[in-house]
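Examining the three-dimensional arrangement
For reference, the chains in residue letters:
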Amino acid sequence: MTQLKANEIENYLRKPDFGKIVHLIYGPDRGLAAESASKLAEASSVDLNDPFATIKLDADSLNADPDRLMNEAYTVSMFGGARLIWLRGVTNNASLVKQLEQLLNQPPENTYCIFESGDLKKGSKVRDIVERAKNACAIPCYVDSARNIASILDEQLSKTNQTIGLEARQFLLSLLGADRGASRAEIEKLCLYTSGKREIEYTDITDILGDASAINVDSITDAVLTGNIQAFDRSITKFTSSGASNFLLFSAMIRQFQALDKMRNEMDTSGKSASQAVSTARPPIFFARKAAIETALNKWPARAIRAAHERLQTSLLDSRKSNSLDAEVAHMALLA
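Residues numbered from 1 in each chain as written. Predicted model: local features only at pLDDT ≥ 70, side-chain atom pairs only at ≥ 80, totals over all residues. Heavy atoms only, no water.

Let's shift gears to the overall build of the protein. Helix and strand counts for the protein come out as 17 helices and seven strands. Its C-alpha radius of gyration of 22 Å places the protein within 12% of the 20 Å reference for a compact globule of 336 residues. The burial tally for the protein puts 48% of its 336 residues in the buried class. A separation threshold of at least 6 residues defines the contact pool for the protein, and within that pool the share at least 24 residues apart is 75%. Accessible area of the protein: about 17000 Å², with a carbon and sulfur share of 50%. Charge centroids of the protein, computed over 40 positive and 42 negative side chains, lie 5 Å from each other. (Helix = DSSP H or I, 4+ residues; strand = E, 2+ residues; numbered from the N terminus. Rg over C-alpha atoms; globule rule 2.2 N^0.38 Å. Buried < 20%, exposed > 50% of the residue type's maximum accessible area, 1.4 Å probe, protein only. Contact = heavy atoms within 4.5 Å. Areas by Shrake-Rupley, 256 points an atom, 1.4 Å probe, with all protein chains shown as cover. Lys, Arg positive; Asp, Glu negative; His and termini not counted. Charge placed at Lys NZ, Arg CZ, Asp CG, Glu CD.)

Okay, here's the thing in structure tokens:
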């Protein structure tokens, strides 16, 4: 059984075991999953620019050509050397599960497979097969901790030869963490904005990312959680007209749904009331928001919270891909 723990992943990606036929990279942080898959692919020594050596597929495309994966896996390289199959968008599709089992039971020669997926629940078929196989490895990608984001920040500051004040650092880290790719992009954008400046200051962050406290993201969050359409419309209009970054809004919403999921789980497993879950929450909930959070906990079942969290993660990535439409993407995701 090979499933890496969070503290093992970075070292493993530097020196992966390619005796494993399949590496499954999955988790709610899709930016981190994509980044980890890229590191793994680069470590394989396969030419990623050679279309005959590196075959990139989307799982949805296999519906039109079900035999493509197996044909590619067992094809012998024309010029010798290893081949890499990089499959994105992996799900628990029955046909794909069957092919995964065949790959592991009858390993192709000199072919590596990277299966990249979103969040896969424990016990799902793809995870179960990979975690039980001796010639496969599962790499989970969960939302970054403050320490992970701090490392990314320090890495980027080292590249640009900049420093950041303590107050500015703490404020910046509080805004990041919902998605690895998006967090890295925001840090790079901040460093580019302050290019030529030795120390990044608090005002630089509010200039480029927006001041979350000034535009009152909490009012939007609470309107969404309690289903108050009128309050949402007022708050989102004010937010959009301020020109603030929708990344801040997504980050705040994702963190809130993560906290909500934890509190709802306590209610379901320990029999706590919404009031008790809120009063014992860590970190503590600001007193002015306690009533809204209690209302939300009574309204939202666990499955709906997780579905909303998944939608926010996907919409965050969509907004980063289409900057000109990020306000519309955010508005529609939150309204839904």
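Turning to the sheet that holds strand E1 (residues 22–26), a few remarks are in order. A sheet is described by the order of its strands in space; here five strands give the open sequence E2-E3-E4-E1-E5, paired in parallel fashion. The two strands at the open ends of the sheet, each matched to only one other strand, are strand E2 (54–58) and strand E5 (136–140). Strand-to-strand, the axes of this sheet are offset by a mean angle of 15°, without reference to chain direction. Across seven bridges, strand E3 (residues 83–90) lies against strand E4 (residues 111–117) in parallel orientation. Bridge pairing in E4 links Trp86 to Ile114. Here helix H4 (residues 94–105) sits on the sheet and contacts E1, E3, E4 and E5; the angle it forms with E4, its principal contact strand, is near 150°. In the packing of helix H5 (residues 125–132) onto the sheet, the strands contacted are E1, E3 and E5, and the crossing angle to E1 comes to about 135°. (Pairing = 2+ DSSP bridges. Axes fitted to C-alpha atoms, helices over the stretch in contact; angles between N-to-C directions.)

Moving on, we come to the nonpolar core. Of all hydrophobic cores here, the largest spans 55 residues; its most connected members are Ile205, Phe257, Leu260, Met263, Leu297 and Leu334. Top element by residues in this core is helix H13 (residues 246–270). It accounts for eleven residues. Of all hydrophobic cores here, the second largest spans 28 residues; its members include Leu62, Leu96, Leu104 and Ala136. (Core = buried A, V, L, I, M, F, W, Y, C linked by side-chain atoms within 4.5 Å.)

Another aspect to go through is the side chain of Thr221. Inspection of the secondary structure puts Thr221 in helix H11 (residues 217–226). Setting aside residues no more than four positions away along its own chain, Thr221 makes contact with Met253, Gln256 and Arg289.

A cluster of nonpolar side chains, contributed by Ile229, Met332 and Leu335, occupies part of the molecular surface with about 310 Å² of accessible area. Among the secondary structure elements, Ile229 is positioned in helix H12 (residues 229–241). (Patch = residues over 30% accessible without salt bridge, like charges linked within 9 Å, V, L, I, M, F, W, Y side chains within 5 Å. Salt bridge = Lys/Arg side-chain N within 4 Å of Asp/Glu carboxyl O.)

What follows deals with the pairing of E4. Most of E4 sits out of view: seven of its seven residues are buried. Alignment of E1 against E4, held across four bridges, turns out to be parallel. What sits directly across from Val22, in E4, is Cys113. One crossover worth recording links E3 to the parallel E4 by way of H4, and it is right-handed. (Right-handed = clockwise from strand over helix to strand, strands pointing away.)

Right, let's get into the pattern of salt bridges. The final tally for this structure, using the stated rule, is 19 salt bridges. For Lys189, the salt bridge goes to Glu186, with nearest N and O atoms at 3.3 Å. Placement of the pair is Lys189 and Glu186 together in helix H8 (residues 180–193), with a separation of three residues, close to one helical turn. We note a salt bridge from Lys272 to Glu266, for which the minimum N-O separation is 3.5 Å. Members of the salt-bridge network, linked through shared partners, are Glu10, Glu35, Lys39, Glu155, Lys159 and Arg184.

Residues lying three or four places apart along an α-helix face the same way, a consequence of the helix completing one turn every 3.6 residues. Of all the positions in helix H15 (residues 290–299), only Ala292, Ile293, Ala296 and Leu297 are classed as buried. The buried residues of H15 occupy an angular sector of 135° when projected down its axis, which confines them to one face. Pointing more than 90 degrees away from the buried face of H15 are the exposed residues Ala291, Asn298 and Lys299. Against H11, H13 and helix H14 (274–279) lie the buried residues of H15. (Arc of directions from axis to C-beta.)

Now for the environment of Ile205. With respect to the helices and strands, Ile205 occurs in helix H9 (residues 202–209). Sequence separation between Ile205 and Cys191 is 14 residues; the distance between their C-alpha atoms is 9.8 Å.

What follows covers the pairing of E3. Of all the eight residues making up E3, six are buried; the element is thus mostly covered by neighbouring parts of the structure. Direction of pairing for E2 relative to E3: parallel, over a ladder of five bridges. Bridge assignment links Asp58 to a residue of E3, and that residue is Arg88. For the handedness criterion, the β-α-β arrangement of E2, helix H3 (residues 68–73) and E3 is classed as right-handed.

Here we come to the environment of Lys5. Mapped onto the secondary structure, Lys5 falls in the segment before helix H1 (9–14). Overall, Lys5 belongs to the exposed group, its relative accessible area being 57%. Each C-alpha atom of the pair Lys5 and Ser45 lies 25 Å from the other, and the pair is 40 residues apart in sequence.

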